[in-house]
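A structural walkthrough
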Amino acid sequence: MKRILIVGAAWVGDAVLAQPLFSALRATSPEVHLTVMGPRWTHGVLRRMPEVDALLDHPFPHGRLDLPGRWRLGRTLRSEGFDQAIVLPNSWKSALVPWFAKIPRRTGFIGEQRHWLLNDARRLNPERLPLMMQRFLSLANPQGQCPEPLPHPRLVMDPESQSRTLERLNLSRAHPIAILCPGAEYGPAKRWPAAHFAQVARQWMSQGWQIWILGSAKDHPVGAEIVRLVPAPVQNLCGITALEEAVDLMALAQRVVTNDSGLMHVAAALGRPLVALFGSSSPQFTPPLSAQARVLRLGLPCSPCFQRTCPLVHLNCLNLLGPEQVLASFPEPT
């Protein structure tokens, strides 16, 4: 059995975009054993990928070298018998553990002067591989090629976990479900205003829809603000579901509205009808990959600026993106 260690991405959305790579590795060698090492907060989506056999915690905070810790982890992994490591992040720090583990084949893109840590180093051609998902997927092929047509990321839900979560949170499936995801970990320049989310919620609730708000504990205050602005019961679930539970709940939605965030990629990978809102960022590199997804952005001269906060203060790229545009993006029920 071939054993492969994947040094995974640090963001939830990027972790979702790696799923086609795992699927391609499984298709090439059905008996392969895939272990993904990533930050603990990404494990929830990785558990919803049947191609992944095992998970390891990547315990090193962003920007922290901790060379002794990486050396100790690498030595621990030597006994696992990995045949190959595929390093998804481009930092040199991310390639240290496979090198310390003496994994025979170490695959990744050249970056940050780390070519000496990799012995299957690939040169990235951004024009040939414009999407992050394509770059990950190309690492499954010795020639760096991607299949055509491109596959889309896929997550699966756990029916038993879904039922338990519905019962624990006292949620019902009696009415159609619309999910709002008002958070974005990167910063406020990627967050559509709470008042706009609330206007969408009011309109749909008047048509008999129930509204669930999903996100992390950091998103609970903006979820509470949406609840305050909507004169009807709205379920603010931010911070009270594990990530894998959020995946299971997202699978029930007939409509989803998100910022450019990890949950945007979750909704796309579940094939949910989705409107994704882009402000300071661009859909050119990490778009939601689904036939059911629609991207809305204004394309102002000042965007994309890729800043965490609006450098011009006004945040017009999202403030001027009206709720009526989101409402018009979903077909009315017949």
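Refer to the structure above for everything that follows.
Quick summary incoming for the structure in this document. Note that the structure is predicted; figures quoted are calculated from it, not measured.

1. Regarding the side chain of His58
- Relative to the assigned elements, His58 resides in the loop between strand E3 (54-57) and helix H4 (67-77).
- By relative accessible area, His58 is classed as buried at 17%.
- Once residues within four sequence positions are removed from consideration, His58 is found in contact with Met37, Gly38, Pro39 and Arg70.

2. Section: the packing of aromatic side chains
- A full pass over the atoms with the stated rule returns five aromatic pairs.
- Between Trp99 and Trp116 the ring centres are 5.3 Å apart and the planes differ by 80°, which places this aromatic pair in the edge-to-face class. Here the residue Trp99 occupies a position in helix H5 (residues 96-100), and Trp116 occupies one in the loop between strand E5 (105-109) and strand E6 (120-122), the gap between them amounting to 17 residues.
- On the accessibility criterion, Trp116 (46% relative accessible area) is partly exposed.
- Measuring from ring centre to ring centre gives 6.3 Å for Trp204 and Trp209, while their planes differ by 35°; the resulting arrangement is tilted. Each member of the pair Trp204 and Trp209 is classed as buried.
- Through a chain of ring-to-ring contacts, three or more aromatic side chains come together here, namely Trp99, Phe100 and Trp116.
- The side chain of Arg3 reaches across the aromatic face of Phe82, ending 5.5 Å from its centre.
- In this arrangement the basic side chain of Arg308 is found over the ring face of Tyr186, its NZ or CZ atom lying 4.3 Å from the centre.

3. Observations concerning the state of the cysteines
- What the rule picks out here adds up to zero disulfides.
- Between Cys305, a free cysteine, and Cys310, which holds the nearest cysteine sulfur, the sulfur-to-sulfur gap is 6.3 Å.
- Residue class for Cys305 comes out partly exposed when judged on its relative accessible area of 23%.

4. Focus on the nonpolar core
- In terms of nonpolar packing, the biggest core is built from 58 residues, with Phe22, Ile179, Trp212, Leu214, Met250 and Val266 touching the most fellow members.
- Considering each element in turn, this core owes the most residues, six residues, to helix H11 (residues 262-269).
- If sequence neighbours within four positions are ignored, Phe22 has contacts with Ile6, Leu34, Val36, Leu46, Met49, Glu51 and Val52.
- If you look at the next biggest cluster of nonpolar residues, it comprises 29 residues, including Val234, Leu315, Leu321 and Phe330.

5. Overview of the sheet that holds strand E11 (residues 274-277)
- Pairing is parallel across the open sheet formed by six strands, whose spatial order is E9-E8-E7-E10-E11-E12. In this open sheet, the two strands that pair with only one neighbour each are strand E9 (235-236) and strand E12 (293-296).
- With four bridges connecting them, strand E7 (residues 177-181) and strand E8 (residues 210-213) associate as parallel partners. What sits directly across from Ile179, in E8, is Trp212.

6. Focus on the side chain of Thr258
- On the secondary structure map, Thr258 appears in strand E10 (residues 255-259).
- If near-sequence neighbours (up to four positions away) are discounted, Thr258 is found in contact with Cys181, Leu263, Met264, Leu274, Val275, Ala276 and Leu277.

7. Some details on the pattern of salt bridges
- This structure, assessed with the given rule, holds twelve salt bridges.
- Salt-bridge contacts for Glu244 lead to Arg47; the nearest nitrogen and oxygen are separated by 3.2 Å. Of this pair, Glu244 sits in helix H10 (residues 243-250) while Arg47 sits in the loop between helix H3 (43-46) and E3, and the two are 197 residues apart along the sequence.
- Assessed through its relative accessible area of 44%, Arg47 is described here as partly exposed.
- Three or more residues are tied together by salt bridges with common partners; here these are Arg105, Asp120 and Arg122.

8. Quick word on the sheet that holds strand E2 (residues 33-38)
- On the basis of which strands lie adjacent, the open sheet formed by six strands has the order E3-E2-E1-E4-E5-E6 and parallel pairing. Taken across any chain shown, the strands that pair with only one partner, and hence form the sheet edges, are E3 and E6. Sheet twist, expressed as the average angle between the axes of neighbouring strands with direction ignored, equals 20°.
- One ladder, built from five bridges, connects strand E1 (residues 3-7) with E2; its direction is parallel. Paired with Ile4 across the two strands is Leu34, which belongs to E2.
- Its contacts with the sheet put helix H2 (residues 19-28) on E1, E2 and strand E4 (84-87), and the angle it makes with E2 is roughly 160°.

Each value, and the rule that gives it
- Along each chain, the written sequence defines residue order, and numbers are assigned to residues from 1.
- Only residues with pLDDT of 70 or above have their local features reported here, since the model is predicted, and side-chain atom pairs are shown and tallied only from 80 upward, although totals for entire chains, interfaces and linings are computed over all residues.
- Processing note: side-chain calculations cover all non-hydrogen atoms of the structure and skip hydrogens and water entirely.
- To qualify as a helix, a DSSP run of H or I must reach at least 4 residues; to qualify as a strand, a run of E must reach at least 2; elements of each kind are numbered from the N terminus.
- Relative accessible area decides the class of each residue, using a 1.4 Å probe on protein chains only: under 20% of the type maximum gives buried, over 50% gives exposed, and in between gives partly exposed.
- By the convention used here, residues are in contact when the closest approach between their heavy atoms is within 4.5 Å.
- A pair of aromatic rings is counted whenever rings of Phe, Tyr or Trp (Trp by its six-membered ring) have centres within 6.5 Å, and the orientation is called stacked for planes under 30 degrees apart, edge-to-face for over 60 and tilted otherwise.
- Charge over a ring is defined by NZ of Lys or CZ of Arg lying within 6 Å of the ring centre and within 35 degrees of the ring normal.
- What counts as a disulfide here is a pair of cysteine sulfur atoms lying within 2.5 Å.
- As used here, the term nonpolar core means buried Ala, Val, Leu, Ile, Met, Phe, Trp, Tyr and Cys residues forming a set that is joined through side-chain atoms within 4.5 Å.
- Note on pairing: two strands pair once DSSP finds at least 2 bridges between them.
- A carboxyl oxygen of Asp or Glu within 4 Å of a side-chain nitrogen of Lys or Arg is what we treat as a salt bridge.
- Only the stretch in contact is used when fitting a helix axis, every axis being a line fitted to C-alpha atoms; angles between N-to-C directions are given from 0 to 180 degrees.

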